[in-house]
Amino acid sequence: MSEKVLIVGLKMPENRHSYEDSMQELEALAESAGAEVLGRVDQSADRIDSKTFIGSGKAVEIGELAENMEIDTVIINHELSGSQIKNLEDVIGKKIIDRTNLILDIFALRAKSVESVLQVELAQANYRLPRLVGYRNYLSRTGGGIGTRGPGEQKLETDRRHIRREIASIKARLKKQVDNREITRKQRKSSELPVVALLGYTNAGKSTIMNRLIEYTGRSADKKVYADDRLFATLDTRHIRIMPEEHESFILADTVGLIRDIPVNLIEAFKSTLEEIKYADLILIVLDASTESLDRQKSAINETIEDLKIGGIPIIEVYNKMDLVGDDLLLNSKNSENEVIYISALEDAGIEKLLQSIDSVLNQDSIEVEIIIPYSEPALINQIIEKYKPQIKKSVDNGMQMRIMINRDDYDKLERYVI
Ligand SMILES: Nc1nc2c(ncn2[C@@H]2O[C@H](COP(=O)(O)OP(=O)(O)OP(=O)(O)O)[C@@H](O)[C@H]2O)c(=O)[nH]1
Ligand SMILES: [Mg+2]
């Protein structure tokens, strides 16, 4: 049986423009955590109440409502302190979950790779440490549910000293993982294929685009990644080789989706998984064209790009889910400084155009050359055939002669073979 929840928001002068949007997002987050949202309470105030966040009168009201509706859990759309959680629990008499804990819980459910499991454990420990007062309360309640799940098997600790030790140990293990990632990245770099990274808000359709490209280029279906109508379907970066018949080959990287107001404890986890984007040759910013909050999605993406200090990497803006919208969007996105294209990954529209745009960016400042690679370097011959798919190639006495379009970087490496 799914957990029955009530969602609660506090509307203040500073968040009134984004309020509605953010409450809808909270509902989607709760559903992604497996809960059933039975109701919603909105409270308007000029400022927060330091004891109960939403005000004690409202808390009493919520308590009665929750009792009548047989609610298990009340989710507040903000980050609360430990004592605020405890005070609310005392008045409402139900489990209280704040927005941060809800997001951590979804991450705990989805984390698969060793690195993401460690990142989530670290974020959970850092979240719990200053909130042990409120936290002991829910562990003493019967039943698990949101806020009690960890990605690993170990039980959630409530002893301060123990949590501190745990944090130190997780950090040490994480460092090893990060070093491993560095090695994998170097290996990938030496495979010579350019890296194209998908970046965008959660649920924009990044994984669906990846699957479409996998299908389009005839790769086996077992390579497909998980895509679903829930927030944070993807947590781990995945790299897949895309080798279209008539286009440039590349490695495509799928990444974790972004969200507004990323909880502070999760920023590090996000940054480290998104770090890979820094090494991409091209970034595809994926936007859900059908959402009303497109501008806020864009600002979340821009903040991330600034945060990660990704400068100088070419960008293509990909408006996805065009099957759900009219053409008026085309006018609104005209003034972007990046190249913009419109697709529907679901209906397979615009994918060819997407590949063409990728080609043209990856081939910028390319030149056409004629090279001969000696037979003593078979690996290099294979690499070049895979990467450039030369239209003209022939065997000559001293090696394989090919005509290819190459970029400046590769020209420097291959210069001695040019004839
Ligand atoms: N109508 C429509 N739905 C789409 C399209 N592309 C993706 N979707 C749906 O949008 C939902 C989210 O897709 P995902 O590919 O999982 O999105 P994502 O960007 O990878 O999301 P996260 O992994 O959570 O960051 C799924 O239910 C898809 O079927 C599209 O072009 N049109
Ligand atoms: Mg995804």
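Keep in mind that this is a model prediction, so the values were computed, not measured.

### Some words on the confidence of the model for the protein chain
On average, the protein chain scores 87 in pLDDT, and the residues at 70 or more come to 92%. Element-level pLDDT for the protein chain is lowest in helix 6 (residues 132-140), with a mean of 62, against a maximum mean of 97 in strand 1 (residues 4-11).

### Some words on the domain arrangement of the protein chain
We note that the domain assignment places domain 1 (1-173), domain 2 (191-362) and domain 3 (367-417) within the protein chain. On a C-alpha basis, the centres of domain 2 and domain 3 stand 31 Å from each other. In this assembly, twelve residues from domain 2 lie in contact with seven residues from domain 3. Here domain 2 and domain 3 share an interface that buries about 690 Å² over both sides, 40% of which is from carbon and sulfur atoms. Here domain 2 and domain 3 share one salt bridge between them. Linking Arg241 and Glu386 is a salt bridge whose minimum nitrogen-to-oxygen distance equals 2.6 Å. Applying the counting criterion to the domain 2 and domain 3 interface returns four residue pairs in polar contact (both at pLDDT 80 or more). Across the side of domain 2 that touches domain 3, the residue classes break down as five nonpolar, three polar and four charged.

### Considerations on the site of ligand 1
The full set close to ligand 1 counts 24 residues, and Thr202, Lys206, Thr208, Thr234 and Asp323 are the nearest of them. Between ligand 1 and Lys321, the relevant distance is 3.1 Å, taken from an oxygen atom to a side-chain nitrogen or oxygen of the residue. With respect to ligand 1, the side chain of Ser344 contributes an N or O atom lying 3.2 Å from an oxygen atom. For ligand 1, the accessible surface in isolation is 660 Å², of which the surrounding protein chains cover 91%. In terms of residue count, helix 8 (residues 206-216) provides more of the shell around ligand 1 than any other element does, three residues in total. Looking at the shell around ligand 1, its residues break down into nine nonpolar, nine polar and six charged.

### Examining the packing of helix 5 (residues 114-128) against helix 9 (residues 264-274)
The N-to-C vectors of helix 5 and helix 9 enclose an angle of 165°; their axes lie 8 Å apart at closest approach. Taken together, the axis directions place helix 5 and helix 9 in an arrangement best described as roughly antiparallel. Where helix 5 crosses over helix 9, the two elements pack in a sense that is right-handed. Counted together, Glu115, Gln119, Ala123, Asn126 and Tyr127 of helix 5 and Asn265, Leu266, Glu268, Ala269 and Ser272 of helix 9 form the full contact between these two elements. Looking at the contact of helix 5 with helix 9, its residues break down into four nonpolar, four polar and two charged.

Conventions adopted
- Residues numbered from 1 in each chain as written.
- Chains lettered and ligands numbered in written order.
- Predicted model: local features only at pLDDT ≥ 70, side-chain atom pairs only at ≥ 80, totals over all residues.
- Heavy atoms only, no water.
- pLDDT = per-residue confidence, 0-100.
- Helix = DSSP H or I, 4+ residues; strand = E, 2+ residues; numbered from the N terminus.
- Domains from an automatic or database assignment.
- Contact = heavy atoms within 4.5 Å.
- Buried area = accessible area lost by both parts, 1.4 Å probe.
- Salt bridge = Lys/Arg side-chain N within 4 Å of Asp/Glu carboxyl O.
- Polar contact = N/O pair within 3.5 Å; in protein donor to acceptor, adjacent residues only side chain to side chain.
- Nonpolar A, V, L, I, M, F, W, Y, C, P; charged D, E, K, R; others polar.
- Near = heavy atom within 4 Å.
- Areas by Shrake-Rupley, 256 points an atom, 1.4 Å probe, with all protein chains shown as cover.
- Axes fitted to C-alpha atoms, helices over the stretch in contact; angles between N-to-C directions.
- Parallel < 35°, antiparallel > 145°, perpendicular 65-115°, else oblique.
- Left-handed = near helix turned anticlockwise from the far one by under 90°.

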